[in-house]
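Below are the chains, spelled out letter by letter.
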Number of protein chains: 2
Amino acid sequence: MLDVRRLHLLRELDRRGTIAAVAQALTFTASAVSQQLSVLEREAGVPLLERSGRRVVLTPAGRTLVTHADAVLERLELAVSELAGAREGIGGPLRIGTFPSGGPAIVPATLAELARRHPALEPMVQEIDSARVSDGLRAGELDVALVHDYDFVPASPDTTVDQVPLLEESMYLATGTVSGTGRVARGEKLAELLGPWAMSPWITARDGTTGHAMAVRACQAAGFQPRIRHQVNDFRTVLALAAIGQGAGFVPEMATTHAPEDVVLTRLPLFRRSKVAFRAGGGTHPAIAAFVAAARTAVGTKGGASP
Amino acid sequence: MLDVRRLHLLRELDRRGTIAAVAQALTFTASAVSQQLSVLEREAGVPLLERSGRRVVLTPAGRTLVTHADAVLERLELAVSELAGAREGIGGPLRIGTFPSGGPAIVPATLAELARRHPALEPMVQEIDSARVSDGLRAGELDVALVHDYDFVPASPDTTVDQVPLLEESMYLATGTVSGTGRVARGEKLAELLGPWAMSPWITARDGTTGHAMAVRACQAAGFQPRIRHQVNDFRTVLALAAIGQGAGFVPEMATTHAPEDVVLTRLPLFRRSKVAFRAGGGTHPAIAAFVAAARTAVGTKGGASP
DNA sequence: CATCGAGCATAAGGTGAGCTTACGCATGAG
DNA sequence: CTCATGCGTAAGCTCACCTTATGCTCGATG
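The written sequence of each chain sets the order in which its residues are numbered from 1. For naming, the first written chain is A and the first written ligand is 1, with later ones following in the order written. The predicted nature of this model means local features are confined to residues of pLDDT at least 70 and side-chain atom pairs, given and counted, to a pLDDT of 80 or more, with totals for whole chains, interfaces and linings taken over all residues. Remark: hydrogens and water are excluded; side-chain values derive from all non-hydrogen atoms of the structure.

**Q** What should I look at first to understand the domain arrangement of chain A in this one?
**A** A common way to state how big an interface is: give the accessible area lost once the parts meet. How far each domain reaches was decided by an automatic or database domain assignment. Taken as a whole, chain A is organised into domain 1 (4–84), domain 2 (90–163 + 274–299) and domain 3 (169–271). Once you take the C-alpha centre of each, domain 1 of chain A and domain 3 of chain A turn out to be 43 Å apart.

Structure below.
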């Protein structure tokens, strides 16, 4: 019988790339991980890893074994979800990850709703980069997370994480009221709307984020390379900068409600989809289901089931 | 993360009924099993067992957890099968269980074929009652087993064991050549064929076997209760007893090839199906696949895939 | 009804699996 | 060249898990 804990290590190695990273993520020493993987390899009777430079990579046999590990761990997650459902009442800690812009907008309303429905639940919120969400979920640091993706930036498919759609918002172009320049958008297509600001400085999210990638690719799709002057994640700051003529930027609908008066907002045919993510198999966990329901109520989603 | 070893114990408890039986099957003490199940229950946070008299029974939550355990263990079995497939060559021990009548007929031919194709394989044959096959498979005492079922005796569905059909034989009625009694079967229906021997003594397999149950139910279906005089599992003995007028008995086609001359054999519209059984998920294991293929060759099955 | 064995749970103690620390070696960056 | 990074092995320690011992309850049996 293969040891599932060792399969878990193999899966993490496949995801994270180095034994040292696995060890750090699971709060072990690298030595322990190395030893356990050696045992797994001996049990398997087939080479699962091979050195590549100073790292290790999985052999084909190792990679197919990871797919089995995914299936097994997903089923175990489903089992704990059902057990939690059998326990009467919803309570205990719930570790919630959120993208930074979800902080002011979605999270408070969701937590308020959640507290009203399930007072015994102890939500623990933590800001986290979208790219690190799936690691955090798998490592058990997070139970559920608010994530989003944009047009032009497809979310990488990850079989270890399930997602439920929460909200779809239009993106807006935020610009200053520059008098006399004649830069006014006409038309409905993205290229027509963005075109007038091809030469303008731009305000985007920080490099390495999906928001940054979205901004660059949207401008490229409109036929130009944006000159990025400011890199700011906070949309209120983006709006404030745009208002004083420091450049053009993208903000989601959610951020437009309290925009400064002297900022010009143009709705774009470009969308941001917010989702709730959790470990594959965890969708039936009552606390997670409750979080999803509360979030939907908070943002006003009209029904709709999982993808 | 639920411990799969403990889930395995819970599954065995569900199947075997008592903690003591589980302990014996897995060569533990009952105390160890009890302790591990207690830990599992604490981890689950839900009562999984409850005392019932001096035994324990699973709660509904416990039983649903067993279905998850089945799924997880099947997937792990599939994983080891694939790993064995990745290892080049087929070899090592293969523990084979067989019903007693398979001993002389099917097993030698199968092993000969197997040895020709895979000399490195070390088959280990062991006679085993049909009723104990699935326990033996799950406990790892057996890797593969020859089993059969009869009309009137449906095999109990068991999700932890997969089966592949191997052979379907007609059953024959074996009787003596009693002169002058006028007991000659006319017709094609079971009742017509068995009817003349309603008052005869009968020779069946030993009580508690599927062969015994089949004989009784076939006679009941024909409208009478058989008076059982002899209980013998060996079909050659059945034929010899029938030949000397000691009663009527059922034998499978396979046993009729070297029947005594003074026995009367009547083909019945009643069938015995032989199958190869193995742990769920084990069908892709190369040694098991090789055994199935060899057995099919040995008995002359014409193709056909799993059920 | 009294007795006894079967079955399970708990307490106490021993042992090995699995962890950490320590160290050596190879690789690739600066 | 030099050094940091990453992996593997050796040695030792700790705790999880198993066994033994014991008690309790239930149900079969005379």
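**Q** Is there a simple way to explain the pattern of salt bridges in this structure?
**A** Pairing of side chains with opposite charge becomes possible as their charged atoms draw close. A side-chain nitrogen of Lys or Arg and a carboxyl oxygen of Asp or Glu constitute a salt bridge if their distance falls within 4 Å. Inspection of every chain in the model, using the stated rule, returns 40 salt bridges over all chains. With a closest N to O distance of 3.0 Å, Glu43 of chain B and Arg6 of chain B form a salt bridge. Of the two residues, Glu43 of chain B is situated in helix α3 (residues 30–44) and Arg6 of chain B in helix α1 (residues 4–16); the sequence distance between them amounts to 37 residues. Buried means the residue's accessible area, taken with a 1.4 Å probe over protein chains only, is under 20% of the maximum for its type, while exposed means over 50%, and partly exposed covers the values in between. The class for Glu43 of chain B is partly exposed, based on a relative accessible area of 39%. By relative accessible area, Arg6 of chain B is classed as buried at 15%. Of the charged contacts, one joins Arg15 of chain B and Asp14 of chain B as a salt bridge, the two residues approaching to 3.3 Å between their closest N and O atoms. Since its relative accessible area comes to 28%, Arg15 of chain B is described here as partly exposed. Classification of Asp14 of chain B as partly exposed rests on a relative accessible area of 30%. Look at the salt bridges and you will find they share partners, linking Arg11, Glu12, Asp14, Arg15, Arg16, Asp70, Asp135 and Arg138 of chain A into a network. A run of DSSP states H or I qualifies as a helix once it reaches four residues; a run of E qualifies as a strand once it reaches two. Both are numbered from the N-terminal end.

**Q** Help me understand the protein's contact with DNA strand C, please; the structure alone is not making it clear to me.
**A** Any residue with a heavy atom positioned within 4 Å of a molecule or strand is treated as near that molecule or strand. Around DNA strand C, the structure places 20 residues, and the nearest of them are Arg6 and Gln35 of chain A together with Ala20, Ser34 and Arg54 of chain B. Each atom of DNA strand C within 4 Å of the protein was assigned to sugar, phosphate or base; sugar and phosphate come to 70%. Here a phosphate oxygen of DNA strand C and a side-chain polar atom of Arg6 of chain A are 2.6 Å apart. By the criterion applied in these results, polar contacts are pairs of N or O atoms within 3.5 Å in which, for protein atoms, one can donate a hydrogen and the other can accept it, and in which residues neighboring in sequence qualify only through two side-chain atoms. One of the side-chain nitrogen or oxygen atoms of Thr29 of chain A is found 2.8 Å away from a phosphate oxygen of DNA strand C. Taken together, the elements giving at least two residues each to the surface near DNA strand C come down to α1 (4–16) and α3 (30–44) of chain A together with α2 (19–25), α3 and β2 (55–58) of chain B. The greatest single-element share of the surface near DNA strand C, amounting to four residues, is contributed by α3 of chain A. Across the surface near DNA strand C, the residue classes tally to five nonpolar, nine polar and six charged. Amino acids are sorted into nonpolar (Ala, Val, Leu, Ile, Met, Phe, Trp, Tyr, Cys and Pro), charged (Asp, Glu, Lys and Arg) and polar (every other residue, Gly among them).

**Q** Help me understand the interface of chain B and chain A in this model?
**A** Note on definitions: a residue-residue contact is assigned when non-hydrogen atoms from the two residues lie within 4.5 Å. Each partner contributes residues to the interface: chain B has 26 residues there, and chain A has 26 residues. Summed over both sides, the interface between chain B and chain A buries roughly 2,200 Å², with carbon and sulfur atoms accounting for 77% of that surface. Across the contact surface, chain B and chain A share zero salt bridges. Scanning the region where chain B abuts chain A turns up four residue pairs in polar contact (both at pLDDT 80 or more). If one sorts the elements of the side of chain B that touches chain A by residue count, helix α4 (residues 60–86) of chain B sits on top with 16 residues. Counted by class, the side of chain B that touches chain A contains 18 nonpolar, five polar and three charged residues. Two parts placed together each lose some accessible area under a 1.4 Å probe, and adding up what both lose gives the buried area.

**Q** Please clarify how the protein's contact with DNA strand D should be interpreted in this entry.
**A** Surrounding DNA strand D, one finds 19 residues, the nearest of these being Ala20 and Ser34 of chain A together with Arg6, Thr29 and Gln35 of chain B. For DNA strand D, the fraction of atoms within 4 Å of the protein that belong to sugar or phosphate moieties is 69%. Between DNA strand D and Ala20 of chain A, the relevant distance is 2.8 Å, taken from a phosphate oxygen to a main-chain nitrogen or oxygen of the residue. Here a base oxygen of DNA strand D sits 3.3 Å away from a polar atom, N or O, in the side chain of Arg54 of chain B. Going through the elements one at a time, α2 (19–25) and α3 of chain A together with α1 and α3 of chain B are the ones with two or more residues in the surface near DNA strand D. The element that contributes the greatest number of residues to the surface near DNA strand D is α3 of chain B, accounting for four residues.

**Q** Looking at this structure, I do not really get the packing of α1 of chain A against helix α6 (residues 130–139) of chain A. What am I missing?
**A** Geometrically, a packed helix pair is captured by the angle between its two axes and the distance between the axes. All names here are of chain A. All axes are obtained by fitting lines to C-alpha atoms, using only the stretch in contact for helices, and the reported angles, taken between N-to-C directions, cover 0 to 180 degrees. Viewed as axis vectors pointing N to C, α1 and α6 meet at an angle of 170 degrees, and their least axial separation amounts to 12 Å. Compared by their axis directions, α1 and α6 come out roughly antiparallel. Residue-level contacts link His8, Arg11, Glu12, Arg15 and Arg16 of α1 to Asp135, Arg138 and Ala139 of α6. Angles below 35 degrees are treated as roughly parallel, those above 145 as roughly antiparallel, those between 65 and 115 as roughly perpendicular, and all remaining angles as oblique.

**Q** Got a minute to help me understand helix α11 (residues 286–299) of chain B in this structure?
**A** Think of an α-helix as 3.6 residues a turn; residues three or four steps apart then line up on the same face. All names here are of chain B. Multiply 1.5 Å by the residue count of a helix minus one, and that product is the helix's expected span. With 14 residues, α11 extends 20 Å from end C-alpha to end C-alpha; this agrees with the ideal 20 Å at 1.5 Å per step. Buried within α11 we find Pro286, Ala287, Ile288, Ala290, Phe291, Val292, Ala294, Ala295 and Arg296. Two residues or fewer past α11, Gly300 is found with a positive phi of approximately 80 degrees.

**Q** It is not clear to me how the relation of the copies chain B and chain A should be interpreted in this structure. Could you clarify?
**A** Between the two copies of this chain, the relationship is a rotation about some axis together with a displacement along it. Between the two copies, chain B and chain A, the superposition gives an RMSD of 0.2 Å; the rotation angle is 180 degrees and the shift along the axis is 0.0 Å. Within this description, the copies of the chain are treated as partners about a two-fold rotation axis. Proximity to the rotation axis, assessed at the C-alpha, singles out Val72 of chain B in chain B; its C-alpha lies 2.6 Å from the axis. Looking at chain B, 100% of its interface residues are interface residues in chain A too, so the copies touch through the same face. The copies were overlaid by least squares, fitting only the C-alpha atoms of residues that reach a pLDDT of 70 or more in each copy.

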